[in-house]
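Structure at a glance
Residues per chain are reported as follows:
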Amino acid sequence: SAQRAKISRALQAQLKSCDSEVLSVFASQGAERDFIVLSTVRSMPVEQIVGSTDNQQWLTSHLGFLIDERQMNVALTRAKHGLIIIGNRRLL
C-alpha cells in the first residue's frame, strides 16, 4: 500500500543502518520482531466518535482490524523487546 511504502522510505532515510520491514498485521502473522511500531491509522474528530462506539456496524466500518480480537492479538504480541502504538487515543 502507499502508506506502507511511505513509512518504509521514511525509516530508511532516518535509520540507514537499521534493518526494518513495514508490514500489515495480516502479513506479519506468525513472525516475531524485536521492536514493533503499530500504526492504527484511523482517526476522526471527537464529535464523530462520541456515542457512535456502541454501534457494532459503525465500529466495523470505521475501525477495521482494531475490532478483530485475533488480529489485535497478533499486533500486540509479536514484539520481543518493545511495542509503540500510534493512534487517536479517543478512538482507541
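These numbers were taken from a predicted model, which means no experiment stands behind them.

Reading guide: rules and limits
- Residues numbered from 1 in each chain as written.
- Predicted model: local features only at pLDDT ≥ 70, side-chain atom pairs only at ≥ 80, totals over all residues.
- Heavy atoms only, no water.
- Patch = residues over 30% accessible without salt bridge, like charges linked within 9 Å, V, L, I, M, F, W, Y side chains within 5 Å.
- Areas by Shrake-Rupley, 256 points an atom, 1.4 Å probe, with all protein chains shown as cover.
- Salt bridge = Lys/Arg side-chain N within 4 Å of Asp/Glu carboxyl O.
- Helix = DSSP H or I, 4+ residues; strand = E, 2+ residues; numbered from the N terminus.
- Buried < 20%, exposed > 50% of the residue type's maximum accessible area, 1.4 Å probe, protein only.
- pLDDT = per-residue confidence, 0-100.

The next thing to look at is a nonpolar patch on the surface. Taken together, the side chains of Leu-76, Leu-83, Ile-85 and Leu-92 make up a nonpolar region of the molecular surface, amounting to roughly 350 Å² of accessible area. Following the sequence through the fold, Leu-76 ends up in helix α4 (residues 69–77). Accessibility expressed as a relative area gives 40% for Leu-76, which makes it partly exposed.

Before going further, it helps to examine the pattern of salt bridges. Following the criterion strictly, the structure yields one salt bridge and no others. With a shortest N-O distance of 3.9 Å, Asp-34 and Lys-80 are connected by a salt bridge. Pair noted here: Asp-34 is in strand β1 (residues 33–39) and Lys-80 is in strand β2 (residues 79–86), with a separation of 46 residues, a long-range link. A relative accessible area of 39% places Asp-34 in the partly exposed class. Residue Lys-80 is classed as partly exposed on the basis of its relative accessible area of 48%.

Right, let's talk about the confidence of the model for the protein for a bit. When the pLDDT values of the protein are averaged, the result is 77; 85% of them are 70 or greater. The weakest mean pLDDT in the protein belongs to helix α2 (residues 46–49) at 68; the strongest belongs to β2 at 87.

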